[in-house]
Amino acid sequence: MNCIQCNRAFSDEDRVASISGSIMGDEYTDVYYFCRICRVFTVANWRDNFTGIETMVTSGPIDERTGMKRIELIRRCSRPWDKKCRCPVHREYFNDALD
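Conventions we followed
Here the residue numbers are simple positions, counted from 1 along each chain's written sequence. Note on the predicted model: pLDDT of at least 70 is required for a residue's local features to be given, and 80 or more for side-chain atom pairs to be given and counted; whole-chain, interface and lining totals, by contrast, use all residues. Hydrogens and waters are ignored; side-chain quantities use all the structure's heavy atoms. Numbering of helices and strands runs from the N terminus, with a helix taken as a DSSP run of H or I at least four residues long and a strand as a DSSP run of E at least two residues long. Relative accessibility under 20% of the residue-type maximum defines a buried residue, over 50% an exposed one, and the middle range a partly exposed one, all with a 1.4 Å probe and only protein chains included. Counting of polar contacts relies on pairs of N or O atoms within 3.5 Å, with two restrictions inside protein: one atom must be capable of donating a hydrogen and the other of accepting it, and residues adjacent in sequence are counted only when both atoms are side-chain atoms. Whether two residues are in contact is decided by their heavy atoms, any of which lying within 4.5 Å being enough. By nonpolar core is meant a set of buried Ala, Val, Leu, Ile, Met, Phe, Trp, Tyr and Cys residues that side-chain atoms within 4.5 Å join together. Here, a salt bridge means any side-chain nitrogen of Lys or Arg that lies within 4 Å of a carboxyl oxygen of Asp or Glu.

Before going further, it helps to examine the side chain of Asp-14. You can see Asp-14 is positioned in the segment before β1 (15-23). Using a relative accessible area of 1% as the deciding quantity, one classes Asp-14 as buried. Side-chain polar atoms of Asp-14 contact the side chain of Arg-8, separated by 3.3 Å. Here Asp-14 is in contact with Arg-8, Ala-9, Tyr-32, Tyr-33, Phe-34 and Arg-36, once residues within four sequence places are set aside.

As structure tokens, this is what we get:
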């Protein structure tokens, strides 16, 4: 994974947060990476529709202030990896679109 702005390769420590949710039976996972050089976030948006082909697109750059708000939201959930979690954090993050 590379920074969407400067193309620097991310290391494991650049991965700062992730969250998963289920929408219409498909699993969505957003993984946030922070570039210490550019001070922006790149997001890897994974989708698994259980056909055997998982897709990933990147989005960003997201400015540091906006990205930190998303990270702080994700960190309020004790189970961000749980696509079946329906806590207020998951509902807010996924705009109440969860199964």
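What follows concerns the nonpolar core. Residues Ile-19, Tyr-32, Ile-74, Val-89, Tyr-93 and Phe-94 are the most contacted members of the largest nonpolar core, which totals 17 residues. Of all the secondary-structure elements, those providing two or more residues to this core are β1, β2 (26-35), β3 (40-48), α1 (64-75) and α2 (88-93). Judged by nonpolar contacts, the second largest core, of eight residues, contains Tyr-33, Cys-35, Cys-38 and Ala-44.

As a further point, take the pattern of salt bridges. Under the criterion given, the structure shown has nine salt bridges. The shortest N-O distance in the salt bridge between Arg-36 and Asp-14 comes to 3.1 Å. Taken as a pair, Arg-36 in the loop between β2 and β3 and Asp-14 in the segment before β1 lie far apart in primary sequence, 22 residues in all. What emerges from the salt-bridge pattern is a single network uniting Arg-8, Glu-13, Asp-14 and Arg-36.

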